[in-house]
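# Secondary and tertiary structure notes
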Amino acid sequence: MSIAALIARFGLPAVALGAAVEGETVVMSGGLIAHQGLMPLSGVMAAAAIGSFVADQFFFLLGRRFRMHRLVRKVTERKAFARVLQLLERYPTGFILAFRFLYGLRTISPIAIGTSNIPARRFVALNALAAAVWGVVIAGIGYSFGQVVELAFGHLRRFGHVALAIFALVAVATALTLLFRRRLSRAIDTDET
């Protein structure tokens, strides 16, 4: 089976799983692969939204149902958990819509929201909206990056160029993530002092 056939067959489920487990890098890579015509961009966006939605619902329900379990309590003792609760208390709707865009708070946030008094119906609706926006934005960034790479390297059809483009995307995403993480960490440390 060729690489293109594997991507066509398993690409969208892989994007959904990647969005649930890892996040941005997998979805951006899916957008880049969609730019190559190996998957539909709308499918990548939908798979990303579904994977993100399902993962966040799982963590919300974990926080809601097992808030007194030792594993959840261990999460609640983390410094970031208190910060999430502060933001949630001040901006409940805005925070639910934005947390998946905040690096380092993506997994802990739905658990914190689950332990709060936010009604489950409200979280489901806001989570669905935010997951849809996130899927479109992040896959769109990957797709756009594919256009930049195509301009730089010509029309990409050979697997070697696709692998190079994916490597470049992962490298750029990692560098941006580390930079954003450092700045966010400094901002949180400044707020706490």
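Residues numbered from 1 in each chain as written. Predicted model: local features only at pLDDT ≥ 70, side-chain atom pairs only at ≥ 80, totals over all residues. Heavy atoms only, no water.

## Remarks on the overall build of the protein chain
Condition: Every helix listed is a DSSP run of H or I at least four residues long, and every strand listed is a run of E at least two residues long, numbered separately from the N terminus. Using a 1.4 Å probe on the protein chains alone, a residue whose accessible area is under 20% of its type maximum counts as buried, one over 50% counts as exposed, and one in between counts as partly exposed.
Secondary structure assignment for the protein chain yields nine helices and zero strands. Beginning at the N terminus, the succession of helices and strands in the protein chain can be written as α-α-α-α-α-α-α-α-α. Each of the 193 residues in the protein chain was classed as buried or not, and the buried ones make up 38%.

## Considering a nonpolar patch on the surface
Our working definition: Patch membership requires over 30% relative accessible area and the absence of a salt bridge. Like charges are linked within 9 Å, and nonpolar side chains (Val, Leu, Ile, Met, Phe, Trp, Tyr) within 5 Å. For the area figures, the Shrake-Rupley method with a 1.4 Å probe applies, and any residue is considered shielded solely by the protein chains shown. Note on definitions: salt bridges are taken to be side-chain nitrogens of Lys or Arg within 4 Å of carboxyl oxygens of Asp or Glu.
On the surface, a cluster of nonpolar side chains totalling about 390 Å² of accessible area is made up of Phe101, Leu129, Val133, Val137 and Ile141. If you trace the backbone, Ile141 turns up in helix 8 (residues 120-153). With a relative accessible area of 41%, Ile141 lands in the partly exposed category.

## With respect to the side chain of Ser116
Using the following cut-off: Two N or O atoms form a polar contact when they lie within 3.5 Å of each other; inside protein one atom must be a possible hydrogen donor and the other a possible acceptor, and for residues adjacent in sequence the pair counts only when both atoms belong to side chains.
By the element assignment, Ser116 lies in the loop between helix 7 (108-115) and helix 8. A polar atom in the side chain of Ser116 sits 2.6 Å from the backbone oxygen of Ile113. Among the polar contacts listed, one links the side chain of Ser116 to the backbone nitrogen of Ile118, at a separation of 3.2 Å.

## Observations concerning the pattern of salt bridges
Under the criterion given, the structure shown has one salt bridge. Close ionic contact of Asp56 with Arg100 constitutes a salt bridge, the shortest N to O distance being 2.3 Å. Remark: Arg100 occurs in the loop between helix 6 (92-98) and helix 7 and Asp56 occurs in helix 3 (residues 41-65); sequence separation between them is 44 residues.

## Focus on helix 2 (residues 24-35)
To be explicit about the condition: One fewer than the residue count of a helix, multiplied by 1.5 Å, yields its expected span.
Here helix 2 contains twelve residues, and its C-alpha end-to-end distance of 16 Å stays within 8% of the 16 Å for a straight helix at 1.5 Å per residue. Most of helix 2 sits inside the fold, with ten of its twelve residues counted as buried. Buried within helix 2 we find Thr25, Val27, Met28, Ser29, Gly30, Gly31, Leu32, Ile33, Ala34 and His35.

## Thoughts on the packing of aromatic side chains
To keep things clear, this is the line we draw: Here the aromatic set is Phe, Tyr and Trp, taking the six-membered ring for Trp, and pairing holds for ring centres within 6.5 Å; pairs whose planes are under 30 degrees apart are stacked, those over 60 apart are edge-to-face, and all others are tilted.
Applying the stated criterion to the full structure yields three aromatic pairs. Measuring from centroid to centroid gives 5.4 Å for Phe58 and Phe59, while their planes differ by 70°, and the two rings are edge-to-face.

## Section: the environment of Ile113
Just so we agree on the cut-off: In this description, contact between two residues means that some pair of their heavy atoms is separated by no more than 4.5 Å.
Relative to the helices and strands, Ile113 resides in helix 7. On the basis of relative accessible area, Ile113 is assigned to the buried category, the value being 0%. Linking Ile113 and Pro92, residues 21 residues apart in sequence, is a C-alpha distance of 9.0 Å. When near neighbours in sequence (up to four residues on either side) are disregarded, Ile113 contacts Phe60, Arg64, Leu88, Phe95, Ile96, Phe99, Ile118 and Phe123.

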